[in-house]
Amino acid sequence: MVFKGTPNRGAIEVNRDFDRVGAKHNAQTSEEDTFYHVTCLPEYLPKAFDVLSDILRPSLREDDFETEKKVIIEEILMYLDSPMSVAYEAVKELHFGGHSLGQSILGTVESITDLQVGKMRSYFARFYSPANIVLAFAGKSDWDQIVALAEEHCGDWIGEDAYRLTPAPHGTGAFQAILRADDNQQTLIAMSDGPPLESDDRYASHLLSTILGDHTGSRLYWNLVDPGFADGAEMGYQDYNQAGVFFTFVSCEPEEAQANLGRVAEVYRQVMADGVTDAELNQAKNKVLARNVLRSERPMGRLTSLGFQWTYRREYLTVEAELDAYSKVTLADIRRVLDSYPLLPQTIVSVGPTTDIHAPE
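So, how was this worked out
- Residues numbered from 1 in each chain as written.
- Predicted model: local features only at pLDDT ≥ 70, side-chain atom pairs only at ≥ 80, totals over all residues.
- Heavy atoms only, no water.
- Pairing = 2+ DSSP bridges.
- Helix = DSSP H or I, 4+ residues; strand = E, 2+ residues; numbered from the N terminus.
- Axes fitted to C-alpha atoms, helices over the stretch in contact; angles between N-to-C directions.
- Contact = heavy atoms within 4.5 Å.
- Parallel < 35°, antiparallel > 145°, perpendicular 65-115°, else oblique.
- Nonpolar A, V, L, I, M, F, W, Y, C, P; charged D, E, K, R; others polar.
- Patch = residues over 30% accessible without salt bridge, like charges linked within 9 Å, V, L, I, M, F, W, Y side chains within 5 Å.
- Areas by Shrake-Rupley, 256 points an atom, 1.4 Å probe, with all protein chains shown as cover.
- Salt bridge = Lys/Arg side-chain N within 4 Å of Asp/Glu carboxyl O.
- Buried < 20%, exposed > 50% of the residue type's maximum accessible area, 1.4 Å probe, protein only.
- Phe/Tyr/Trp six-rings, centres within 6.5 Å; stacked < 30°, edge-to-face > 60°.
- Left-handed = near helix turned anticlockwise from the far one by under 90°.

**Regarding the sheet that holds strand S5 (residues 232-240)**
Alright, step 1. The strand order across the open sheet built from five strands is S3-S7-S4-S6-S5, with neighbouring strands paired in mixed fashion. Edge positions in the open sheet fall to strand S3 (175-179) and S5, since each of these has one partner strand only. Sheet twist, expressed as the average angle between the axes of neighbouring strands with direction ignored, equals 15°.
Alright, step 2. Summarising the sheet, strand S4 (residues 186-193) and strand S6 (residues 243-252) pair through eight bridges and their orientation is antiparallel. Looking at the pairing, Ser-192 lines up with Phe-246 of S6.
Alright, step 3. Helix-sheet contacts for helix H10 (residues 257-274) involve S3, S4, S5, S6 and strand S7 (347-352), and the interaxial angle to S6 is about 140°.

See below:
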């Protein structure tokens, strides 16, 4: 809806004015934020900023709203065709219970169908106030120029402080099997609680997930993928506002699904009992440090880190500070995370052609 036009520009003009300066523009939405971004050459920054700031004060016309509802419903149906998407949405809902983190970002066909334009406008007025918007910049320019552009284009924006409750959720540890008889593979996703983004233990948690579930050279890789028990087995750590989770993803032949749940559980039982080794921790640090350095060399990689750190932590985090934080993680830090956030039991969802499957012992 934001890209559908403003009092100053229609949808065609929005795209045309970005194209005139060769700007790439898009947006993405997570469970907790929406990120509008534009990339352009430095000399075209004022013109690109003009369009970006303009669309953040959209017209929100009812005709556009009804059209976009159809687009979103089609997108929901597309995701329902993907076993991984079905499993991901189901495991979040199961793990978080009634907490808002368990709700789908896209919504459901029913919720989109029933949504009225007045409710969306009220939501926009509440949450898209200037007090709830962070402006982040990375690239070849001058911060004083950015501030001057913000004052010029956004200085008359009005709105109240946005407020939302963020109670800390706790995983349910439940199990669900969803039948998709036409699938060829079984898709398994499991979740357990982890440190929230406000905690410095997020660094140890990222390293722990790399040791256990990186797509190459991790414990899950050597125990499930390399022997041929699964074609994919990974673990990831995701930090949220006042919450965090460890995700485990496995895709395999249906007849291996139950045994693979047991193999994953054994890997986690072993690490909770014995911890990790110096060699594993150093290897994980090398991987994570290299990825962060490479990401920071791209303007968009630097931009997202800057923006999200400030949004959630009110912290300007330099690349050097982030690298230093990872480098300082010790075996004792990993031990503390494992003791504070046990990897078992997990909330598990299985999606595929068999429902003859249960939580591992």
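**Some remarks on the packing of helix H8 (residues 202-213) against helix H11 (residues 278-296)**
Alright, step 1. Close contact between H8 and H11 brings their axes to 9 Å; oriented N to C, the two are set at 105°. The angle between H8 and H11 falls in the class roughly perpendicular. Judged by residue contacts, Leu-207, Thr-210 and Ile-211 of H8 engage Glu-280, Leu-281, Ala-284, Lys-285, Lys-287 and Val-288 from H11.
Alright, step 2. Tallied by class, residues from the contact of H8 with H11 come to five nonpolar, one polar and three charged.

**Observations concerning a nonpolar patch on the surface**
Alright, step 1. A grouping of Val-134, Trp-310 and Tyr-316 is seen on the molecular surface, where their side chains present a nonpolar patch of about 320 Å² in accessible area.
Alright, step 2. Its place among the elements puts Tyr-316 in the loop between helix H12 (299-313) and helix H13 (319-327).

**Let's talk about the pattern of salt bridges**
Alright, step 1. A full pass over the atoms with the stated rule returns 23 salt bridges.
Alright, step 2. A salt bridge links Asp-64 to Arg-61; the nearest nitrogen and oxygen atoms lie 3.0 Å apart.
Alright, step 3. When its relative accessible area of 35% is taken as the criterion, Arg-61 is described as partly exposed.
Alright, step 4. Its salt-bridge partner being Lys-69, residue Glu-66 comes within 3.8 Å of it at the nearest N-O pair. In this pair, Glu-66 and Lys-69 are both assigned in helix H3 (residues 62-80), three residues apart and thus about one turn of the helix distant.
Alright, step 5. Judged by its relative accessible area of 10%, Lys-69 falls in the buried class.

**Section: the packing of aromatic side chains**
Alright, step 1. Across all of its chains, the model carries eleven aromatic pairs by this definition.
Alright, step 2. Ring geometry for Tyr-36 versus Tyr-128: centroids 6.3 Å apart, planes at 65°, classification edge-to-face. You can see Tyr-36 sitting in strand S2 (residues 34-39) and its partner Tyr-128 sitting in the loop between helix H6 (117-127) and helix H7 (143-154), a full 92 residues away along the chain.
Alright, step 3. Tyr-36 gets classed as buried once you look at its relative accessible area, which sits at 18%.
Alright, step 4. Tyr-128 gets classed as buried once you look at its relative accessible area, which sits at 17%.

**Re the pairing of S7**
Alright, step 1. By the criterion of burial, S7 is predominantly enclosed, with six of the six residues buried.
Alright, step 2. Of the two faces of S7, both are covered, the one formed by Thr-347, Val-349 and Val-351 as well as the one formed by Ile-348, Ser-350 and Gly-352.
Alright, step 3. By the bridge criterion, five bridges tie S3 to S7 in an arrangement that is parallel. When the bridges of S7 are listed, Ala-177 appears paired with Ser-350.
Alright, step 4. Strand direction decides the pairing type here: S4 and S7, joined by five bridges, are antiparallel. Looking across to S7, one finds that Thr-187 is bridged to Val-351.

**Thoughts on the packing of H8 against H13**
Alright, step 1. As a packed pair, H8 and H13 sit with axes 9 Å apart at the nearest point and diverge in direction by 65°. As summarised for this structure, H8 and H13 are arranged roughly perpendicular, according to the angle between their axes. Of the two elements, H8 crosses H13, and the hand of that crossing is right-handed. Across the interface between the two elements, Tyr-203, His-206 and Leu-207 of H8 pack against Glu-322, Ala-325 and Tyr-326 of H13.
Alright, step 2. Here the contact of H8 with H13 is composed, by residue class, of four nonpolar, one polar and one charged.

**Quick notes on unusual backbone geometry**
Alright, step 1. Each neighbour pair has its own omega, and for Leu-344 with Pro-345 the value is -5°, a cis peptide bond.
Alright, step 2. Within the chain, Leu-60 stands out as a residue other than glycine whose phi angle is a positive 55°.
Alright, step 3. Leu-60 gets classed as buried once you look at its relative accessible area, which sits at 8%.

**Concerning the side chain of Asp-17**
Alright, step 1. Within the element layout of this structure, Asp-17 appears in helix H1 (residues 11-20).
Alright, step 2. The buried category is assigned to Asp-17, whose relative accessible area is 13%.
Alright, step 3. Those residues in contact with Asp-17 that lie beyond four places of it in its chain are Arg-9 and Val-51.

**Some words on the environment of Ala-174**
Alright, step 1. Its location among the elements puts Ala-174 in the loop between H7 and S3.
Alright, step 2. Given a relative accessible area of 24%, Ala-174 falls into the partly exposed group.
Alright, step 3. For the pair Ala-174 and His-95, spaced 79 residues apart in the sequence, the C-alpha separation amounts to 7.0 Å.
Alright, step 4. Excluding anything up to four places from it in sequence, Ala-174 contacts Leu-94, Gln-346, Thr-347 and Ile-348.

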